[in-house]
Amino acid sequence: MTISVPGTPVLPPGRSAGGLIASWRPSSVSPRAADFARAVVAQAAPGGRERAKSLLWAAGKLADYAIGLGLEPVPEVLFHSSVIERFAVSAPGLSGAARRTLRTNLRFLARRVVPALAPVDAPLPRERSKAPYSAAEIAGYLALTDAQPTMGRRMRAAGLVCLGAGAGLIRGDLRGVRGSDITRRSGGVVADVSGRRPRVVPVLARYHDLLLASAAFAGDRLVTGGRDPDRRNLATPLLRALDGGTGLPRLETSRLRATWLADCAQQIGLATFMHAAGITCSQRLGDLLATLEPAGEAQAVRL
């Protein structure tokens, strides 16, 4: 039985992708499934032999699975999103990686062969990490903190920069830190963070002295000022005060946190590790970390 797909181009024989498609008759799928695969992949017109081979394999496996369920091997049926999804989830004998690859290839074929059933996915926005500040920019903000008109304003502004760039704190974690939460301990300086995710955060060494001075000034009060840490705009006056028009970019607590993250990643050699391991996706790191227990406070300070 030959499956015909309207609009299938005539592809040249030989070692081209067209030649591979025309001669593809694997023993691992039925002749009907192979007929379907050749027809739809020819219409998709892949750019190379390896790409054609991947698409033929995906279409053949889908057709074999669907024929076994009694479905008619035509593109309007097999490339329906529900059929592709059922195949990706339920087809036996496939690894997780194979299921993801097959589903991606089948969705590609569906968009090429029956675009009415598989419209192109609309691009969705993705939030990217904020750019860290440079060492010179951090030095500029610290100079602005030292130029504030009162001791209280100087200490609160310094605490804001040090808790952001030195401990990576933002939002409620930043607003809720009191002077008494900053202590010299375990061979370094740490911040005891309360709130939704209570934890101990080691402070980077270059911020120790200034943050300790800010904490001593605050005592039992909030380091960044105010009385109610739940106030959303608590740090806004400090941020405005450090917007000095001296060529520095706007001060943002999210970028201060990104600066801390980048500094810590560099110190522990994270980029070197990921490059050596061939890891580019942070989700894989998360999966690995879920199996590990974090070290104690002293080890965190040493890192």
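Placed above this text is the structure.
Analysis parameters
By convention here, each chain's residues receive numbers from 1 onward along its written sequence. Local features in this predicted model are restricted to residues whose pLDDT is 70 or higher, and side-chain atom pairs enter the listing and the counts only when it is 80 or higher, whereas totals over whole chains, interfaces and linings include all residues. Side-chain measures here rest on the full set of heavy atoms in the structure, leaving out hydrogens and waters. Secondary structure counts use DSSP, requiring at least four H or I residues in a row for a helix and at least two E residues in a row for a strand, with both numbered from the N terminus. Only heavy atoms matter for contacts: two residues are in contact if any of them lie within 4.5 Å across the pair. Residue exposure ignores everything except the shown protein chains as possible cover, and the areas themselves are Shrake-Rupley values with a 1.4 Å probe. Salt bridges, as used here, are contacts in which a Lys or Arg side-chain nitrogen is within 4 Å of a carboxyl oxygen on Asp or Glu. Exposure is judged per residue with a 1.4 Å probe applied to protein chains only, and the accessible area is read against the type maximum: over 50% gives exposed, under 20% gives buried, and values in between give partly exposed. DSSP calls a pair of strands paired once it identifies at least 2 bridges connecting them. Fitted lines through C-alpha atoms give the axes, limited to the stretch in contact for helices. The angle between two N-to-C directions lies from 0 to 180 degrees. These descriptions rest on fixed angle ranges, namely under 35 degrees for roughly parallel, over 145 for roughly antiparallel, 65 to 115 for roughly perpendicular, and the rest for oblique. Left-handed describes a crossing whose near helix is turned anticlockwise from the far helix by less than a right angle; the clockwise case is right-handed. Each residue gets one label: Ala, Val, Leu, Ile, Met, Phe, Trp, Tyr, Cys and Pro are nonpolar, Asp, Glu, Lys and Arg are charged, and the others, such as Gly, are polar.

Caption draft 1: Main features of the overall build of the protein chain. Along the protein chain, the regular secondary structure elements total 15 helices and 3 strands. Long-range contacts, defined as pairs at least 24 residues apart, comprise 65% of the intrachain contacts of the protein chain with a sequence gap of at least 6. Total accessible area computed for the protein chain in this model is approximately 17400 Å², and 54% of it derives from carbon and sulfur atoms.

Caption draft 2: The pattern of salt bridges, seen in detail. Applying the stated criterion across every chain yields a total of 9 salt bridges. Across the salt bridge formed by Asp35 and Arg38, the nearest N and O atoms sit 2.2 Å from each other. With a gap of 3 residues between them, Asp35 and Arg38 both fall in helix H2 (residues 31-44), about one helical turn apart. Relative accessible area serves as the criterion here: at 12%, Asp35 is assigned to the buried category. As a salt-bridge pair, Glu297 and Arg185 come within 2.8 Å of each other at their nearest N and O atoms. One end of the pair, Glu297, is in helix H15 (residues 297-302); the other, Arg185, is in strand S1 (residues 182-185), and 112 residues separate them in sequence.

Caption draft 3: Summary view of unusual backbone geometry. Phi angles above zero are rare outside glycine, and Ala45 is one such case at about 50°. Mapped onto the elements, Ala45 comes out in the loop between H2 and helix H3 (49-68). Of note, Arg171 is a non-glycine position whose phi angle comes to about 50°, a positive value. Among the secondary structure elements, Arg171 is positioned in helix H9 (residues 171-175).

Caption draft 4: Structural context of the pairing of S1. Relative to strand S2 (residues 188-193), S1 runs antiparallel, the two sharing 4 bridges. Note that in S2 the partner of Ile182 across the bridge is Ala191. In textbook terms, the turn of a hairpin is the stretch between consecutive antiparallel strands, and for S1 and S2 this stretch comprises 2 residues, one of which, Ser186, has a positive phi near 55°.

Caption draft 5: Seen up close, the side chain of Thr259. Locating Thr259 in the fold gives a position in helix H12 (residues 253-267). Among the residues examined, Thr259 registers a relative accessible area of 3% and is labelled buried.

Caption draft 6: The arrangement of the sheet that holds strand S3 (residues 199-202) in detail. Spatially, S1-S2-S3 is the arrangement adopted by the 3 strands of the open sheet, whose pairing is antiparallel. The open sheet is flanked by S1 and S3, the only strands paired with a single partner. Strand-to-strand twist in this sheet, taken as the mean axis angle between neighbours without regard to direction, amounts to 35°.

Caption draft 7: The arrangement of the packing of H2 against helix H6 (residues 96-113) in detail. For the pair H2 and H6, the least separation of the axes is 9 Å and the interaxial angle reads 70°. Taken together, the axis directions place H2 and H6 in an arrangement best described as roughly perpendicular. Relative to H6, H2 is oriented so that their crossing is left-handed. Touching Val40, Val41, Gln43 and Ala44 of H2 are Phe108, Leu109, Arg112 and Val113, all from H6. Broken down by class, the residue content of the contact of H2 with H6 amounts to 6 nonpolar, 1 polar and 1 charged.

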